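What the coordinates show
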Amino acid sequence: MTTSTPARFAVAVAAAAVFAMTPAPSAGAVPRAPEPRAPREFVALDSVDPTIIQEMRYLSAHNFVGERIDGYRQPVCILTRPAAEALHRAQTHLLRQGYSLKVYDCYRPQRAVDHFVRWAKDLADERKKAEFYPRVDKSRLFEDGYIAEKSGHSRGSTMDLTIVALPALPAPPPRPGQESVPCYAPQAQRYPDNSVDMGTGFDCFDTLSHTDDPRVQGPQRAHRLLLRTALAAEGFVNLPEEWWHFTYKPELFPDTYFDFPVSRRSVAGHRP
């Protein structure tokens, strides 16, 4: 069909209007690189075992920094497949004893570690000192080993976790002032958590967090040993300075530190 002159003019005017409304690329603009995705060896933990409780602390502001940490987009635990499968086996054993695992952190992107490092170097920012490191001078966080520029979490086989007595009840809302209670205070006084009493809260920068600290006795010590024994039976190794920190051995990526974000998109399509 042949277009008449008035029709051709109308089409030209409309095209010019659309072109005028389309923003021109700015000079020197660099196209945004796509977000990295996880290798096929990584999976979402709940695709392997949906019964393990997840409370991803770095997605919220309740952590030693006091704000959401870079790279955490969704509340999902991501691990290498062998680590997730081993955690499932440990969970099966604990469920028979009336307990469930609960993870606080799993894979951690390098950008999150960089966030920790920037925070640790800012000695003026002590928003969360009263709760998480009341007896540690912030200037010593690197020297004392609480903060480092690389983390085993970024390799995908390390996780932070605890155990919860079943039936798992939600933690009560915090009372005013509880965020200022030291992380090693009696469990009823510190920030609420529905886990069993481990003697300190998660991410407590204190020697009382050492798994075998002799000052921790009674039910608290028994709970730590229960967690360590259940995980050791499936190939996990505990970091002695942190009762909550475990790494599955052998690691799939012992020398690689990944930086894909913590989101379901990072492992979309990865089958357990």
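Read on for an overview of the structure. (Residues numbered from 1 in each chain as written. Predicted model: local features only at pLDDT ≥ 70, side-chain atom pairs only at ≥ 80, totals over all residues. Heavy atoms only, no water.)

So, the state of the cysteines
- A complete count under the given rule lists two disulfides for this structure.
- The disulfide partner of Cys77 is Cys106, and the S-S distance across this bridge is 2.0 Å. In this structure, the disulfide formed by Cys77 and Cys106 twists by about -100° around the S-S bond and is classed as left-handed. Placement of the pair is Cys77 in the loop between strand 2 (53-54) and strand 3 (78-80) and Cys106 in the loop between strand 4 (99-105) and helix 4 (110-121), with a sequence separation of 29 residues.
- Classification of Cys106 by relative accessible area gives buried; the value is 0%.
- For Cys183, the disulfide goes to Cys204, at an S-S distance of 2.0 Å. Judged by the sign of its S-S torsion, about 65°, the bond between Cys183 and Cys204 is right-handed. Residue Cys183 is found in the loop between strand 5 (158-165) and helix 6 (218-232), and its partner Cys204 is found in the loop between strand 5 and helix 6; the two are separated by 21 residues along the sequence.
- On the basis of relative accessibility, which here comes to 1%, the residue Cys204 falls in the buried class.
- By sequence-ordered numbering of the bonded cysteines, the protein has its disulfides arranged as 1-2, 3-4. (Disulfide = S-S within 2.5 Å. Helix = DSSP H or I, 4+ residues; strand = E, 2+ residues; numbered from the N terminus. Buried < 20%, exposed > 50% of the residue type's maximum accessible area, 1.4 Å probe, protein only.)

A short note on the sheet that holds strand 5
- Overall, mixed pairing links the five strands, which are arranged 2-4-5-7-6 in an open sheet. Taken across any chain shown, the strands that pair with only one partner, and hence form the sheet edges, are strand 2 and strand 6 (236-238).
- For strand 6 and strand 7 (residues 245-248), the ladder comprises three bridges, and the chain directions are antiparallel. Looking at strand 7, one finds that Phe236 is bridged to Tyr248.
- Contacts between helix 3 (residues 81-96) and the sheet are confined to strand 4, strand 5, strand 6 and strand 7, with strand 4 contributing the most and set at about 145° to the helix.
- Along the sheet, helix 6 makes contact with strand 4, strand 5, strand 6 and strand 7, crossing strand 5 at roughly 125°. (Pairing = 2+ DSSP bridges. Contact = heavy atoms within 4.5 Å. Axes fitted to C-alpha atoms, helices over the stretch in contact; angles between N-to-C directions.)

Any link to function would need more than the numbers given here.
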